[in-house]
Amino acid sequence: MGFKLDRQRSDLTLKVDVVIVGAGPAGSTAAYYLANKFNRKVFLIDKAFFPRDKPCGGYLTSRVFTRFNYLRKVKNKIIEVPTYGSYFYGPDLSQLEWRMENPVGYLVLRIKFDNFLKDLAVSSGVQFIEGQEVVDISIRKNTAQIMLANGHSIHGNLIIGADGVRSIIAKKSGIYSKLDKGICVVTEIKINKEEIDEIFGEKRPTYYFYGFKDIIGYGWLFPKKNHLNIGIGGPSNAGREIGRLFPIFINYLKQENLVPVSIKIKEKFSAALIPTSTALYLNHSYSDRVLLVGDALGVASSVSGEGIYQSMASGEDAAIIANQALDEQKFDTEFLRQYEKLWKKDLANELKMVGNIMQLGSSGDKREILRKIKYFFERMRNEKELL
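First, a word on scope: everything that follows refers to the structure included in this document. These numbers come from a predicted model, not from an experiment.

Description of helix α7 (residues 239-255)
So, point 1. For α7, built from 17 residues, the straight-helix expectation of 24 Å at 1.5 Å per residue is met to within 8% by its first-to-last C-alpha distance of 24 Å.
So, point 2. Of all the bends in α7, the largest measures some 35° and sits at Leu245, one to four residues before the proline Pro247.
So, point 3. Among all positions of α7, only Ile242, Leu245, Phe246, Phe249, Ile250, Tyr252, Leu253 and Lys254 are buried.
So, point 4. Looking at the buried residues of α7, the elements they touch are β12 (182-190), β13 (206-210), β14 (218-223) and β15 (227-235).
So, point 5. Just downstream of α7 lies Asn257, where phi reads positive at about 60°.

Concerning the side chain of Ser173
So, point 1. Inspection of the secondary structure puts Ser173 in helix α5 (residues 168-173).
So, point 2. Polar contacts involving the side chain of Ser173 include one to the main-chain carbonyl oxygen of Ala170, which spans 3.2 Å.
So, point 3. Beyond its immediate sequence surroundings of up to four residues, Ser173 is in contact with Ile137, Ser287 and Val290.

Describing the packing of helix α1 (residues 25-37) against helix α9 (residues 308-328)
How two helices sit against one another is set out by the angle between their axes and by the gap between those axes.
So, point 1. Remark: α1 packs on α9, axes separated minimally by 7 Å, with the N-to-C direction vectors making an angle of 35°. The hand of the α1/α9 crossing is right-handed. For the pair α1 and α9, contact is made by Pro25, Ala26, Thr29, Ala30, Tyr33 and Leu34 and by Ile308, Ser311, Met312, Ser314, Gly315, Glu316, Ala319, Ala322 and Asn323, respectively.
So, point 2. Partitioning the contact of α1 with α9 into residue classes produces nine nonpolar, five polar and one charged.

Thoughts on the pairing of strand β10 (residues 144-148)
So, point 1. Counting buried residues along β10, four of its five residues qualify, which places the element largely inside the surrounding structure.
So, point 2. As paired strands, strand β9 (residues 134-139) and β10 are joined by five bridges and run antiparallel to one another. When the bridges of β10 are listed, Ile139 appears paired with Ala144.
So, point 3. The hairpin turn running from β9 into β10, its antiparallel successor, is four residues long.
So, point 4. As consecutive antiparallel partners, β10 and strand β11 (residues 153-161) are separated by four residues, and within that stretch Gly151 has a phi angle of approximately 100°, a positive value.

Structural notes on the sheet that holds strand β3 (residues 59-61)
So, point 1. As summarised here, the arrangement of the three strands in space is β3-β7-β4, forming an open sheet in which the pairing is antiparallel. The open sheet has two edge strands, β3 and β4 (81-83), and neither has a second partner. Strand-to-strand twist of the sheet, defined as the mean angle between neighbouring strand axes without regard to direction, takes the value 30°.
So, point 2. Where β4 lies against strand β7 (residues 105-107), three bridges are found, and the strand directions are antiparallel.

A few points about the packing of aromatic side chains
So, point 1. Applying the stated criterion across every chain, the model contains 23 aromatic pairs.
So, point 2. A centroid spacing of 6.3 Å and a plane angle of 75° characterise the contact between Phe68 and Tyr70, whose relative ring orientation is edge-to-face. The same class applies to Phe68 and to Tyr70, which are both buried.
So, point 3. Consider the rings of Phe200 and Tyr207, whose centres lie 5.9 Å apart with planes at 65°: the pair is edge-to-face.
So, point 4. Taken together, Tyr59, Phe88, Tyr208, Tyr210, Tyr218, Trp220 and Phe222 form an aromatic cluster joined through their ring pairs.
So, point 5. Sitting above the plane of the Phe65 ring, Lys75 keeps its charged end 5.0 Å from the centroid.
So, point 6. If you follow Lys203 out to its NZ or CZ, it ends over the ring of Tyr84, 4.2 Å from the centre.

Criteria and cut-off values
Residues numbered from 1 in each chain as written. Predicted model: local features only at pLDDT ≥ 70, side-chain atom pairs only at ≥ 80, totals over all residues. Heavy atoms only, no water. Helix = DSSP H or I, 4+ residues; strand = E, 2+ residues; numbered from the N terminus. Expected span 1.5 Å × (residues − 1). Bend = angle between axes of the 7 residues up to and from the residue. Buried < 20%, exposed > 50% of the residue type's maximum accessible area, 1.4 Å probe, protein only. Contact = heavy atoms within 4.5 Å. Polar contact = N/O pair within 3.5 Å; in protein donor to acceptor, adjacent residues only side chain to side chain. Axes fitted to C-alpha atoms, helices over the stretch in contact; angles between N-to-C directions. Left-handed = near helix turned anticlockwise from the far one by under 90°. Nonpolar A, V, L, I, M, F, W, Y, C, P; charged D, E, K, R; others polar. Pairing = 2+ DSSP bridges. Phe/Tyr/Trp six-rings, centres within 6.5 Å; stacked < 30°, edge-to-face > 60°. Lys NZ or Arg CZ within 6 Å of the ring centre and 35° of its normal.

Put into structure tokens, the structure is as follows:
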């Protein structure tokens, strides 16, 4: 249950230590650490009412439960199934198999997973405001102010922008006005568990198709407990082509007996922008009294599409620096640059190592881009550590 604002009072002003905008994995993780570990007063705001869904593959690597070990005891409540490996296909549909004896990852439903992380933060003392959109911020010498669409405002010492790829916090704070993005179309089809078991078995491998039909990007298939998650991602300027290819991709999966022929696919699919590895290209990830995390920062992997772990990691990193800032009462860019050093130490090498398929479109030469994708696939074949 969210914090209730008095709708009869437009002049209501609240004051907390940290205001977090966006209750996805990054924002909820930052809120949880600040409240649970550091005993800070936190408001978590989201424009949606929870539980809410999000277009996403819903893939967690096993390191989520290694790093965020407080989730281990509730693993069975939040995951659908473990996955024990993957099949990777190049543009010529040559196959690379990667299978393990132990789980390498877990598949989740975002409507359930995100709501659980939010509830965990709330149970730690975080005040949650849902269904309220942030329209502006004001950074002053002694405070940071969030203005909501309903006229209410909230003051805090710090703002953490976890509000996604179209981050209002990034824009209003001047960190950036536009972020280079990829785009994906995705559908999640509910079918009975027995049918999925028959096709994929209990090991539930995931499937990646790089350069499918010469698309600048990749398609994926994630078999969950009783859902199939299917999508294609690529540069945002390829959105029309991705939309055209999506039903062709699904028909191909049917021909390969990876999707039941009887399944009827909706004509309309969900679409989402994905800022893969774009954090590396930002001048800064902070400004006076502001830190960016998750998709607002742009830390998703362009190889696997994985972004949940990176988002949660950036949320924890932001909470650590926010707590230090509160201890020392220093909220200027000079002090907050420590956050950028921390998340880069945490995530930058990984983002650099895997490269960025979503950004390969910068040359404008499709043949050159496809050559790079083919080279990238061969590099994956030869360097198993990239997987």
